[in-house]
Structure formats: structure tokens, C-alpha cells
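# Survey of secondary and tertiary structure
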Amino acid sequence: MGKRFLTWKKNVPAPYRKWKDGVLVCCDANEFLSGMRDEIADIVFLDPPFNLGKKYGNRGAKADLMDEQDYISFIQEILLGSVRVLKKGGALYLYHIPQWAVRLGSFLDKKMSFRHWIAVSMKNGFARGDFLYPAHYALLYFTKGKPTSFHRPKLPPPKCRKCNEYIRDYGGYKQFVKEGINLTDIWEDLSPVRHRNKKNRLENELPLELVRRVIQISGKRGGVFVDPFVGSGTSIVAVAESGMRFLACDRESNCCDIAAGRLSSFKAGK
Ligand SMILES: C[S@@+](CC[C@H](N)C(=O)[O-])C[C@H]1O[C@@H](n2cnc3c(N)ncnc32)[C@H](O)[C@@H]1O
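Structural notes, computed from the coordinates. None of these values were measured; they are calculated from a predicted model.

Cut-offs and rules
- Residues numbered from 1 in each chain as written.
- Predicted model: local features only at pLDDT ≥ 70, side-chain atom pairs only at ≥ 80, totals over all residues.
- Heavy atoms only, no water.
- Helix = DSSP H or I, 4+ residues; strand = E, 2+ residues; numbered from the N terminus.
- Rg over C-alpha atoms; globule rule 2.2 N^0.38 Å.
- Buried < 20%, exposed > 50% of the residue type's maximum accessible area, 1.4 Å probe, protein only.
- Contact = heavy atoms within 4.5 Å.
- Areas by Shrake-Rupley, 256 points an atom, 1.4 Å probe, with all protein chains shown as cover.
- Polar contact = N/O pair within 3.5 Å; in protein donor to acceptor, adjacent residues only side chain to side chain.
- Phe/Tyr/Trp six-rings, centres within 6.5 Å; stacked < 30°, edge-to-face > 60°.
- Near = heavy atom within 4 Å.
- Nonpolar A, V, L, I, M, F, W, Y, C, P; charged D, E, K, R; others polar.
- Core = buried A, V, L, I, M, F, W, Y, C linked by side-chain atoms within 4.5 Å.
- Pairing = 2+ DSSP bridges.

## A few points about the overall build of the protein
The number of helices and strands found in the protein is seven helices and eleven strands. Expected size for 270 residues packed as a compact globule is a radius of gyration near 18 Å; at 19 Å, the protein falls within 12% of this value. Counting only C-alpha atoms, the protein reaches 60 × 50 × 40 Å along its principal axes. For the protein, the proportion of its 270 residues judged to be buried stands at 48%. A separation of at least 24 residues holds for 70% of the contacts in the protein among residues at least 6 apart in sequence. Total accessible area on the protein is roughly 14,500 Å²; 52% of this is exposed by carbon and sulfur atoms.

Structure below.
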């Protein structure tokens, strides 16, 4: 990693772990972002705590149950920092529940160009009170002006598990469909990693494929990917696969250990 890439605007805590293609820091996300120089990132990826009382690391559930106004201030500071560190044409992705995505999206809309509200299918939600059954998370996609990198991924068309035929009727377009169908803004084929034996930790963990798609859409080789809430390290594994570089952070040292271990195993080919 070049020297320039490592130049922080002001001191942030020393790297928890360093690799040739990235740095992992253990500190508060706002401290991490505020230490960074302006306009260095190609992608900022945000999967923040949802303020729903999850227990991360050694902090109790209360740490993820902030007063609503404090939570808004915290996330808005994260968004402002993210916009500042993004290069012109860079992409910001925010993963959240719709109730918050709508509010935070309207805040972001004043500063960035809205591209998509991607609905990521949610399995095993619970209907509460007089609400419909919640069936998706929002993945908001904004860019800082016109995107400098944009690619539309293709997916294999869904097939019936039993007869191996296409589920949809593509009429006369069947021959083109073989090359793959265009990714839409509804991602029904992904869901959070839930099975204990597949998870790297007990708390939330995104599917690797979700971050891979983000990188396919907005990434570029050698570009810089920033994740202030790295958790179990899903994003940095996807980044390492892609040839991008990363700056990542989590305030919990045990999450940093899990993320670092996961990345090192990936690099060692395990
Ligand atoms: C929803 S999880 C991220 C999961 C991650 N995307 C993955 O796939 O494993 C949110 C993470 O943010 C961390 N976190 C919570 N508050 C933070 C803060 N103020 N600064 C930095 N990290 C924080 C938590 O420790 C947790 O690991």
C-alpha cells in the first residue's frame, strides 16, 4: 500500500492490523472517519448498528439502544464524514431497515445523488403490531455526483431445482438469457448468514455476495473501499478478492480479531 494512502489527516489510533492492501483500526467510527483525508475513497460501505439492542463485543445491549436523537446525530455525523472522504463520483452504500433508510436517505439526498433503494430480501422477520410482515432490508446507493465507476452485473437466470428449467418464460429471448440477466434493484437471492455453523460470530453478518455485488457495481482495481463498521469482516474479504484496497474499523476488539482472522485465513487460502 502506497505511503500517500496511509497518510491520515490527523492521528487515529494505530492500526490494529495491517496488510499490503488494507488497514484495520479499532476505534469509534466517527473518530476513524474524521482522521481521514478528504476524497480518498471510491466506495464507502455502511452497515451500522441498527439501535435495536444488539450486543456487540464486550459492550452490553444498552450500547446499541441510544436515545433516538443521539442515534440520529451519531449516524448523521457518519454520513457527513462518509461524503467528505468519498472521491467525486464515488459511491456510498447504506444498509438499514426501511424505517431508518427513509429518514437517512432524505438526509443524504441533500448532499449526494440518489441512485437506488435496493430491497434485500429478509427471511424470518416478525410482524409486529398493526404493521405488515417486514420482508426486506434497504440498501441505499448514492453517488457523489455522476458515478465514475458503474457496471451492471449479470446473474444466472433462476432455474427450477427439480426440472432445471428456467422459472420465468423469456419467450424469444431465451438465447440471450443464457449470458445472464441484468441485476435489478430487488435482491431476493441473498439473506443474512443465520446458521451458526456458517457464521463467523453470533451477531449480524452480511452474506459475502452482497458486498461482492456492491464492488462489482461501483468498484475498481486498486480503488479504496472504506468500511467503518466491519463486524465479522465480510467486506474486507470481498475487497481482498476484488483487488481493491481497504480502510476498515470496528470499535470492538473481538470483532477486529474475528475480521482479521477471517481475512488472514482467506489470504492463506483456507
Ligand atoms: C451490523 S454490524 C456489521 C456487520 C458486518 N457488516 C458483517 O458482515 O459482519 C455493526 C458493527 O458495528 C460495530 N459498531 C457499533 N458501534 C460502533 C461505533 N460507534 N464505531 C465503530 N464500530 C461500531 C459493532 O461492533 C458491529 O460489529
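What follows continues from the structure just given.
## Here we look at the side chain of Ser242
Summarising the element assignment, Ser242 is placed in helix α6 (residues 234–242). Polar contacts involving the side chain of Ser242 include one to the main-chain carbonyl oxygen of Val239, which spans 2.7 Å. Setting aside residues no more than four positions away along its own chain, Ser242 makes contact with Ile215 and Arg221.

## With respect to the packing of aromatic side chains
Taken as a whole and judged by the stated rule, the model has twelve aromatic pairs. Centroid distance Trp19 to Phe246: 5.8 Å. Interplanar angle 50 degrees. Geometry classified as tilted. Note that Trp19 is positioned in strand β1 (residues 17–19) and Phe246 in strand β11 (residues 245–249), a separation of 227 residues in sequence. Given a relative accessible area of 12%, Trp19 falls into the buried group. Note on Phe74 and Phe229: the rings are 6.2 Å apart at their centroids and 75 degrees apart in plane angle, and the pair reads as edge-to-face. In this pair, Phe74 sits in helix α2 (residues 68–85) while Phe229 sits in the loop between β10 (224–227) and α6, placing the two residues 155 residues apart along the sequence.

## Here's the deal with the site of the ligand
The immediate surroundings of the ligand are formed by 22 residues, with Asp28, Asp47, Ser232, Thr234 and Asp250 found nearest. Within the side chain of Asp250, an N or O atom sits 2.7 Å from an oxygen atom of the ligand. Measuring from a nitrogen atom of the ligand, one finds a backbone N or O atom of Arg251 at 3.2 Å. The residue makeup of the shell around the ligand, split by class, is eleven nonpolar, four polar and seven charged.

## Description of the nonpolar core
Of all hydrophobic cores here, the largest spans 74 residues; its most connected members are Leu139 and Leu210. Setting aside residues up to four positions removed in sequence, Leu139 forms contacts with Phe45, Tyr93, Leu94, Tyr95, His116, Trp117, Ile118, Val120, Trp187, Leu210 and Val214.

## Examining the pairing of strand β2 (residues 22–25)
A regular strand places its side chains so that they alternate between the two faces of the sheet. Taking every second residue as pointing to the same face, both faces of β2 are buried, with Gly22 and Leu24 on one and Val23 and Val25 on the other. Note: β1 against β2, three bridges, orientation antiparallel. Note on β2: the bridge partner recorded for Lys18 is Val23. Hairpin remark: β1 followed by β2, antiparallel, with two residues in the connecting loop. Here four bridges tie β2 to β11, and the two strands are oriented parallel to one another.

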